[in-house]
Amino acid sequence: MSKTSRENWNNVAEIREKSAALWNGRAYELKPGAKEKYLRYYNEKCASSKAITTKAKEIIPGGVQHNLALNYPFPLAMDRASGAYLWDIDGNRYIDFLQAGGPTILGSNYPTVRDKVIALIQEKGPVTGLFSEYEYKLAMLVQKHMPSIEMFRMAASGTEADMIAIRLARAFTGNKKIIKIGGAYHGWSDELVYDIRADGTRSSYAIGIPPECYAHTQALSVNDLEGLRALMTENKEKGGTACVLLEPLGPESGTRPVEFDFCQQVRKLCDEFGALLIFDEVVTGFRIGMGGAQEFFGVKPDLTVFGKILTGGYPASGAVGGRKDVVSLLAGGVGGKDNKVMVGGTLTANPLSCLAGYYTIQELETTNAAEKAALAADRLTAGLEELIELHKLPFVAYNQFSIVHLDTTGNVNVTITRENMSDVFAKMPRRTKLFNEAGMGMSAEGIITIAASRMYTSLADTDDVIDDALKRFDRLFDNYQLS
Ligand SMILES: Cc1ncc(COP(=O)(O)O)c(C=O)c1O
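Residues numbered from 1 in each chain as written. Predicted model: local features only at pLDDT ≥ 70, side-chain atom pairs only at ≥ 80, totals over all residues. Heavy atoms only, no water.

Peer 1: Would you explain the overall build of the chain in this entry?
Peer 2: What the chain contains, in helices and strands, is 15 helices and 16 strands. The C-alpha radius of gyration of the chain comes to 22 Å, within 12% of the 23 Å expected for a compact globule of 483 residues. Considered along the principal axes of its C-alpha atoms, the chain spans approximately 70 × 60 × 50 Å. Relative to its 483 residues, the chain shows a buried fraction of 57%. For the chain, restricting intrachain contacts to residue pairs at least 6 apart in sequence, the fraction spanning at least 24 positions comes to 76%. Accessible surface, the chain: about 20800 Å² in total, of which carbon and sulfur atoms supply 53%. Charged side chains in the chain number 53 positive and 58 negative. The centres of these two groups are separated by 2 Å. (Helix = DSSP H or I, 4+ residues; strand = E, 2+ residues; numbered from the N terminus. Rg over C-alpha atoms; globule rule 2.2 N^0.38 Å. Buried < 20%, exposed > 50% of the residue type's maximum accessible area, 1.4 Å probe, protein only. Contact = heavy atoms within 4.5 Å. Areas by Shrake-Rupley, 256 points an atom, 1.4 Å probe, with all protein chains shown as cover. Lys, Arg positive; Asp, Glu negative; His and termini not counted. Charge placed at Lys NZ, Arg CZ, Asp CG, Glu CD.)

Spelled out as structure tokens, the structure:
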């Protein structure tokens, strides 16, 4: 059994305390010799990546099209992915704890799903614009595992699905305000970039978005139930609360974890104030178990948002599901109800995405992938904790199911408030430099992570893969010194 359980939930206070100590204490950095060694790795062993990503900067802003691919000192160009491994175009092999940002719980390029996709393409191509049986089969399979999904509608991405969910909440309740929790990432739409990624940053990332667009978006820190009650009370007079939207493990895939009963308490407040509760299960749906976070926490959201995992990493992946009286407002076609909510998308719910999703979820079920990936994450986390102690470093490691968090600089978890904002921003550039160097060290040791701080394990992560990764972390941590 995986270590993460209702009885053994993260010690949130301890994580917060250790993270604060890491941020407030003197930083640890790579020894100069190690920095040179890792830079040499990049320049000598990854020359083809350097050449193509340098050229790409002329046509692609910043050289890459996704933050996940941002790497210091330059992005690595990947050539091949299989199971637990990635290979770059220079032929270097990496242990893949990015897993495409989370969707491939079965491991990369899982053969059973791939073969079905190839057969579909050979038979009818990826898209027809008309109904396909897999739309129905996928919806039914999701409902089988998550009974709160009385109705289900696909979208092309998690960003779109979040947009649909908040629009539905407003249409159904007639209320305006949407409340998001803890700097969570709910995609990049005009309304949801507010307070994005880092708690307390408010409109910092809202460049190019008129303030009117996010005038009704409100943000609160995670676990602040008193603040939530106060805000919902205040909202009663100002257009009412349409919904509370949250990542159920805590913002940014549990980087700032929830107290175990947080979601339950938010459910109660939503009921009291007539707001909808929306679970963004883009990362947690099917990853922490077939029933998602809603099953784990025993909370029934009104709406659930799905993303990348839904199709196992095949494109056009997203959906909103939930209460029939709410989701039925999305009925397609011209005419019908007056309060019908407009959504669309030419490539949405295409046969390829739906078939890939259907077989992915079936395989997740038959292989018990979520549990196996969680056990791999337990092993990785236990090993990291031992190494942190062995090397006497102040780093923080913990996991929730198959999501492993590792903080080496303290800036991953810092809460920004009006009071500490100038201090945090003054310190951030130096910490960001160290953070980038940590990422460089991990890649040069043959481990790809999400932003040097988060790792998704998969079914492909055998004990050997994890033990190999730990040897590499051992070498990396051995290269640290007090700065
Ligand atoms: C919790 C959460 N919601 C929404 C999104 C946005 O999904 P997408 O990248 O498919 O637009 C993400 C993406 O990482 C996410 O982690």
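Next comes the rest of the account.
Peer 1: In this structure, what is going on with the pairing of strand β4 (residues 93–96)? I would like to understand it.
Peer 2: A regular strand carries its side chains on alternate faces of the sheet. Looking at chain direction, strand β3 (residues 85–88) and β4 are connected through 3 bridges and run antiparallel. Pairing of Leu86 across the sheet is with Tyr94, part of β4. The turn linking β3 back onto β4 is made up of 4 residues, and Gly91 within it adopts a positive phi angle of 90 degrees. Where β4 and strand β14 (residues 447–448) come together, 2 bridges link them in parallel fashion. By the bridge assignment, Asp96 is partnered in β14 with Ile448. (Pairing = 2+ DSSP bridges.)

Peer 1: Quick question: what am I supposed to make of the side chain of Arg267 here?
Peer 2: Within the secondary structure, Arg267 sits in helix α9 (residues 262–273). In terms of polar contacts, Arg267 uses its side chain to reach the side chain of Asp302, at 2.9 Å. Excluding residues within four positions of it along the chain, Arg267 makes contact with Ala275, Leu277, Val299, Lys300, Pro301 and Asp302. (Polar contact = N/O pair within 3.5 Å; in protein donor to acceptor, adjacent residues only side chain to side chain.)

Peer 1: What is the right way to read the sheet that holds β14 from this model?
Peer 2: Each strand in a sheet pairs with another by means of backbone hydrogen bonds, the pair being arranged parallel or else antiparallel. Ordered by their spatial adjacency, 4 strands build an open sheet running β2-β3-β4-β14, and the pairing between neighbours is mixed. The two strands at the open ends of the sheet, each matched to only one other strand, are β2 (78–82) and β14.

Peer 1: Would you explain the pattern of salt bridges in this entry?
Peer 2: Charged atoms that come close allow side chains of opposite charge to pair. Evaluated as defined, the whole model comprises 22 salt bridges. Salt-bridge contacts for Asp325 lead to Arg323; the nearest nitrogen and oxygen are separated by 2.9 Å. The partly exposed category is assigned to Arg323, whose relative accessible area is 24%. Linking Lys433 and Glu437 is a salt bridge whose minimum nitrogen-to-oxygen distance equals 2.9 Å. One end of the pair, Lys433, and the other, Glu437, are both in helix α14 (residues 421–444), 4 residues apart, so they sit about a helical turn from each other. Overall, the relative accessible area of 41% leaves Lys433 in the partly exposed class. (Salt bridge = Lys/Arg side-chain N within 4 Å of Asp/Glu carboxyl O.)

Peer 1: What exactly am I supposed to notice about empty space enclosed by the protein here?
Peer 2: Picture a little ball the size of a water molecule; that probe, rolled over the atoms, points out where space is still empty. Enumeration over the complete set of coordinates arrives at 1 cavity of 30 Å³ or more. Ile15, Ser19, Thr255, Val396, Tyr398, His405, Leu406, Asp407, Val412, Asn413 and Ser453 together form the lining of the largest cavity. Looking at the lining of the largest cavity, the elements with two or more residues in it are α1 (12–24), β12 (396–400) and β13 (403–407). Here the lining of the largest cavity is composed, by residue class, of 5 nonpolar, 5 polar and 1 charged. (1 Å grid on protein atoms, 1.4 Å probe; cavity = no way out; pocket = protein on both sides within 12 Å on 5 of 7 lines; lining within 4 Å. Points joined across faces, edges and corners; volume = space filled by probe spheres on them. Nonpolar A, V, L, I, M, F, W, Y, C, P; charged D, E, K, R; others polar.)

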